[in-house]
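Take a look at the letters that make up each chain.
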Amino acid sequence: MVPPTSLPLLAIQGMQLALPILQGGMGVGVSLAPLASAVAAAGGLGLISSAGLDRIVSRRLGRKVGIYEAVRLEVEAAKARGGFAGVNIMVALQRDFVSSVRAALDAGADAIVSGAGLPLTLPAIQPARATALIPIVSSARALAVICRRWERQHVRPDAVVLEGPLAGGHLGFRADQVDLEENTLERLLPPVKEVAAAHGDLPVIVAGGVYSHEDIRRFIALGADGVQMGTRFLATEESGASAAYKEAVVRARPEDMVVADAPGSPCGLPFRVLRESPMYREALVRGRPPRCAKGYVLFKDADGRFTRCAARDDNEHFFCICEGLFSAAGYDPDREKPLYTAGTTAARVDRILRTSELMAELAGAPALLPQVA
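What counts, and where the lines are drawn
- Residues numbered from 1 in each chain as written.
- Predicted model: local features only at pLDDT ≥ 70, side-chain atom pairs only at ≥ 80, totals over all residues.
- Heavy atoms only, no water.
- Axes fitted to C-alpha atoms, helices over the stretch in contact; angles between N-to-C directions.
- Helix = DSSP H or I, 4+ residues; strand = E, 2+ residues; numbered from the N terminus.
- Parallel < 35°, antiparallel > 145°, perpendicular 65-115°, else oblique.
- Contact = heavy atoms within 4.5 Å.
- Nonpolar A, V, L, I, M, F, W, Y, C, P; charged D, E, K, R; others polar.
- Left-handed = near helix turned anticlockwise from the far one by under 90°.
- Phe/Tyr/Trp six-rings, centres within 6.5 Å; stacked < 30°, edge-to-face > 60°.
- Buried < 20%, exposed > 50% of the residue type's maximum accessible area, 1.4 Å probe, protein only.
- Lys NZ or Arg CZ within 6 Å of the ring centre and 35° of its normal.
- Pairing = 2+ DSSP bridges.

1. Topic: the packing of helix α2 (residues 53-61) against helix α3 (residues 67-78)
Link 1 in the chain: With their axes 8 Å apart at the nearest point, α2 and α3 run at an angle of 70° to one another. Judged by the inter-axis angle, α2 sits roughly perpendicular to α3. Taking contact as the criterion, the partners of Leu53, Asp54, Val57, Arg60 and Leu61 in α2 are, on α3, Ile67, Ala70, Val71, Leu73 and Glu74.
Link 2 in the chain: Tallied by class, residues from the contact of α2 with α3 come to seven nonpolar, no polar and three charged.

So, in structure tokens, the structure goes:
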């Protein structure tokens, strides 16, 4: 059920979102069909994460499926309750990128949201038809590059997510840029709006550090068309995170959020995690043997095959996020200790909510607003 709200509608291509809220695509195994469908039913855009989805769906079905079939099945499940649902597909997962995009399009996903690198080739993979194509950027320059490349193929982004440095997971900034005043969402938004206006006036959705109904209203007043939120949805009953992961988010304090850079993600991007993550704490103790086995963050070798992984070759500077994130979602916990990633708003989370309750809170439903004496 869509809660009552004074927030504006968000129109993206063929979608009319009753609430201007995108639920972030959190991998591995956090943003699956139960969460995405609950957000969609409440009037937002629910997103599944394609990261590692083949292993997750294979275990659920009791038979091996590839990434294409896994994405198709999960999109169909996410859309089963109505509303709008799509897929978050990371550019950095190069081996599975094309198959994931094709599966999302063939399944009729309402949107593909793509970041962790610039999705320059996204529109060339297959005609999108009714699926909105939404890149994630961290600067006006990045959006301008994407727009120029896409327009050569006679395609424009249907919207853009501007993600600031307060987000969880992979960040589009160097570690020494994360705390700079010039990189706050408030400073990044105006130039991104200018580029968006010059390329068809596409909607701009802000992400990273958005927590409350009041935050949503503030960013809309600053010119944003909507928001994307991950950490708030991480701490919901429908989230695929393990109970220990959710409890770690509820316990988190501001000083518990750290940007892992040395050792860091094999993607080469700074990666925000909870300090108490068992895998992260152990990764700080150098010299243990690498445990990389999943092979999702792979790059091509000299023969053009996806065989190279920085975490497999160098455990002094990198740790295997694939193993740690699978463990954090309850998969293979005996093989590797869990890695908990979250945005800075984790420090404000104090309880686990049903997604319908959270969406009502974010909508500003009167019954859930604080009572004034």
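2. Notes on the packing of helix α1 (residues 33-41) against α3
Link 1 in the chain: For the pair α1 and α3, the least separation of the axes is 8 Å and the interaxial angle reads 35°. Taken as a pair, α1 and α3 cross one another with a handedness that is right-handed. On α3, the residues that touch Ala33, Pro34, Ala36 and Ser37 of α1 are Glu74, Ala77 and Ala78.
Link 2 in the chain: When grouped by side-chain class, the residues that make up the contact of α1 with α3 number five nonpolar, one polar and one charged.

3. Considerations on the side chain of Thr355
Link 1 in the chain: For Thr355, the location among the structural elements is in helix α14 (residues 355-363).
Link 2 in the chain: Contact partners of Thr355, with chain neighbours within four places excluded, come to Leu35, Ala38, Val39, Phe233, Thr236 and Glu238.

4. Re the packing of aromatic side chains
Link 1 in the chain: Counted according to the given criterion, the structure contains two aromatic pairs.
Link 2 in the chain: An angle of 20° between the planes, with centres 4.8 Å apart, marks the rings of Tyr245 and Tyr340 as stacked. Of this pair, Tyr245 sits in helix α10 (residues 243-251) while Tyr340 sits in the loop between α13 (321-328) and α14, and the two are 95 residues apart along the sequence. The same class applies to Tyr245 as to Tyr340, namely buried.
Link 3 in the chain: Consider the rings of Phe326 and Tyr331, whose centres lie 6.3 Å apart with planes at 80°: the pair is edge-to-face. In this pair, the class of Phe326 matches that of Tyr331, namely buried.
Link 4 in the chain: Across from the ring centre of Phe219, 4.5 Å away, lies the NZ or CZ of Arg218, which sits over that ring.

5. A short note on the sheet that holds strand β13 (residues 271-274)
Link 1 in the chain: A sheet is described by the order of its strands in space; here three strands give the open sequence β9-β13-β12, paired in antiparallel fashion. This sheet does not close on itself; its edge strands, each paired only once, are β9 (169-170) and β12 (257-260).
Link 2 in the chain: Bridge count for β12 against β13 is four bridges, and the pairing is antiparallel. By the bridge assignment, Met257 is partnered in β13 with Leu274.

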